[in-house]
Amino acid sequence: MSKPTPFTTAALALGVACAGLLIWIWQNASSPAPLSDSSSSTNAAPGSRPPAVATADSGPAVFDLHPFLAALQRALVRGEARAREAVLTFKDDAALQRFIARARQAGLTVLGRNDRLRTVRIGFDGLGALQADLLGNAGDYDAVSANSLIGIPQPPAKQERADIDQVPFRNDTLAYLGATGDRSAWGRGVTIAVLDTGVTTDPTFGDGRLRTLDIGLGTTPGEGRNDGHGTSVAALAAGLLPDAAGVAPAASVLSIRVTDASGMSDLFTVSQAIVAAADAGANIINVSLGGYSTGAVLDAAIAYAQQKGAVIVAAAGNDQAAQLAWPAADSRVVSVGAIDRVEQQVTFSNSGASLQLTAPGYGVQTAWLEGQRAYVDGTSASAPLVSGAIAAVMSQNPGLTPQQAAAVLVSTASDGGAPGADDAYGRGILNVGWAMNRSDASYVDTAVASHHYDAEHNQMQFVIQNRSGRTVSGMALNVSVDTTTSTQSIPSLAPGESYIVKAPVSDLTLRSTGSIAFTTQLTNPLGVVDQVPANNRKSTVLTAPPKP
């Protein structure tokens, strides 16, 4: 394998969940030329028409009188939606058919329809035509919204986060997750749908595991610099080869291209693809895309997938925002944030109270176009690792539904950050080894899960977690504060149980020295063999806040 060739990281025109995805890319046989930066500062889809606005020809300005039209106009003016388009949802099938029959005469063009969701995607030259039909047939409508871009809309205000040195995973992702040993059957009998740029053929998918479904955008990735995104996502979920390995190498992959030639998607298209994936029998639907607007059509599509027994996994977003992108923001979706190799929340990863899991998302090796291999960043990479883990758990436990398998991952997540669930790490960090060995009484993994500074109480919190298949007694924790060491006995912990050791922080010492070093070492009783001894030790340096 040739040496990776560095190039400038670009904000991809693929989705907020993909921003800053690619770091290095290389051919299996030879080094490629560096790729140029094609990022754009605009928030609208490249090549889209200017947003439609109300004019004198549009009829009376009634937008303030009708919330649906008011919201639609705002989205169009801000460039957050497909220009001169709307998504209409009807109360029943008869109402949908009446609209189809009158649409052309009303000056509205049907661009797409999904009868299962009683929804159509329409185009118009002026909002007056839509306004007239809406007011004249109000009893038929259930919802009207803009066809919001699943791309790079204007993000919300960023959280203030300290700059940190991020540590890449490279090709160590599966080892970190505990996805080791014989994985040849992981994911067998499970189908993972990848809603993305399309997935190209690659030896890492083997023979017969990759199939495609066309919803109107074709099935083959384009030639843009970002069109390898779908292939990279699919490989992280289900890749077979060591240089592009996925968690569930026996799972089937269903590729559904949802991006157009500009690399953008939209609310209607993603919703349509969710329904198509569920109808095609997908157990897991991976959406490594996102935007900051939603609508009735996406709500209905998520509900439909749930009804069909599928689970949706989505990327939280890469805007360093204090909210998740859609569809990850929906509570029915398994939302995934990103960490680096030393379990730091990656600076760009979105946070929020509804975040469920975090997983590797910095410098992760995977497949790309034409046999290339790449290191990628982003919650786009984190989500398919969770999708593959759900498939692995399902194949090990054929009686579990996708939702139940996802719940297993949540219950076996490694605690990160503050003790318990938090906005940055969700319910914890994906731990495939624990999930797959949770019922094995011979499996022992006790760990120092995290070091957390509780500023309110001016103390360090050291979280001890039992990730074993059985109760463990007789543990002890050695705590070193700079050059002073003390020992704390740990009570018996049942599988999955945690214990917090607290140590006061001397504010005087911190201010006078500028930093305090904390090191913890967990020891197990004699005769107990820890399967993952590396996580029994953790070090942290607490730095004094800058002087005002």
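Notes on the structure in this doc start here. Along each chain, residue indices are assigned from 1 in the same order as the chain's sequence is written. With the structure being a predicted model, the display of local features is reserved for residues of pLDDT at least 70 and the display and counting of side-chain atom pairs for 80 or more, all residues being used for whole-chain, interface and lining totals. Each side-chain value is worked out from all heavy atoms of the structure, with water and hydrogens disregarded.

### Quick notes on the packing of aromatic side chains
Classification of ring pairs uses Phe, Tyr and Trp, with its six-membered ring standing for Trp, and accepts pairs whose centres are within 6.5 Å; under 30 degrees between planes counts as stacked, over 60 as edge-to-face, and the remaining range as tilted. Counting across every chain of the model gives four aromatic pairs. Geometrically, the ring pair formed by Phe 90 and Phe 99 is tilted, given 5.1 Å between the ring centres and 35° between the ring planes. Residue classification places Phe 90 among the buried residues on the basis of a relative accessible area of 0%. Among the aromatic residues, those joined into a ring-pair cluster are Phe 90, Phe 99 and Tyr 141. A cation sits over an aromatic face here: Arg 170 above Tyr 375, 5.0 Å from the ring centre. Only protein chains enter the calculation, and the probe is 1.4 Å; a residue is then buried if its accessible area is under 20% of its type maximum, exposed if over 50%, and partly exposed in between. Two thresholds decide whether a charge sits over a ring: the Lys NZ or Arg CZ must be within 6 Å of the ring centre and within 35 degrees of the ring normal.

### Brief notes about the sheet that holds strand E14 (residues 334-339)
In spatial order, the strands read E9-E10-E8-E12-E13-E14-E15; together these seven strands make up an open sheet with parallel pairing. Among the strands making up the open sheet, the edge pair consists of strand E9 (210-213) and strand E15 (357-360). Ignoring strand direction, the axes of neighbouring strands in this sheet form an average angle of 30°. For two strands to be treated as a pair, DSSP must find no fewer than two bridges joining them. Strands here are runs of E lasting at least two residues and helices are runs of H or I lasting at least four, both read from the DSSP assignment and numbered beginning at the N terminus. Sheet analysis places strand E12 (residues 284-287) next to strand E13 (residues 311-315), joined by four bridges and oriented parallel. Among the inter-strand pairings, Asn 286 is bridged to a residue of E13, identified as Val 313. Relative to the sheet, helix H5 (residues 229-238) contacts strand E8 (191-196), strand E10 (252-257) and E12, its axis offset from that of E8 by approximately 160°. Only the stretch in contact is used when a helix axis is fitted, and all axes are lines through C-alpha atoms; the angle between N-to-C directions ranges over 0 to 180 degrees. Two residues form a contact once any of their heavy atoms are found within 4.5 Å.

### Examining empty space enclosed by the protein
A cavity here means a set of points on a 1 Å grid, drawn over the protein atoms and nothing else, where a 1.4 Å probe fits but cannot get out; a pocket is an open set with protein on both sides within 12 Å along at least five of seven lines, and a residue lines either one if it has an atom within 4 Å of a point. Grid points are joined across faces, edges and corners, and a volume is the space filled by probe spheres set on the points. A complete count under the given rule lists two cavities of 30 Å³ or more for this structure. Each pocket or cavity is described by its volume, and for the second largest cavity that value is around 30 Å³. Breaking the lining of the second largest cavity down by element, the ones donating at least two residues are helix H7 (296-307) and E13. All residues other than Ala, Val, Leu, Ile, Met, Phe, Trp, Tyr, Cys, Pro, Asp, Glu, Lys and Arg, Gly among them, are scored as polar; the first ten of these are nonpolar and the last four charged. For the lining of the second largest cavity, a count of residues per class yields four nonpolar, one polar and one charged.

### Here's the deal with the pairing of E9
Consecutive side chains of a regular strand alternate in pointing toward one face of the sheet and then the other. In this sheet, E10 lies alongside E9 in parallel orientation, the contact comprising four bridges. If you follow Leu 213 over to E10, its bridge partner there is Ile 256. A clockwise path from the first strand over the helix to the second, with the strands pointing away from the viewer, defines a right-handed crossover. As for the winding sense of the linkage, the β-α-β connection from E9 through H5 to E10 is left-handed.

### As for the environment of Gln 131
Among the structural elements, Gln 131 can be located in helix H3 (residues 127-136). Classification of Gln 131 as buried rests on a relative accessible area of 7%. A sequence separation of 62 residues divides Gln 131 from Leu 69, and the C-alpha atoms of the two residues are 7.4 Å apart.

### Some words on H5
Because each turn of an α-helix spans 3.6 residues, side chains separated by three or four positions end up pointing in the same direction. Within H5, 10 of the 10 residues are buried, which leaves it mostly tucked inside the rest of the structure. His 229, Gly 230, Thr 231, Ser 232, Val 233, Ala 234, Ala 235, Leu 236, Ala 237 and Ala 238 are the residues of H5 that are buried. Elements that come into contact with the buried residues of H5 comprise E8, E10, E12, strand E16 (364-367) and helix H8 (379-396).

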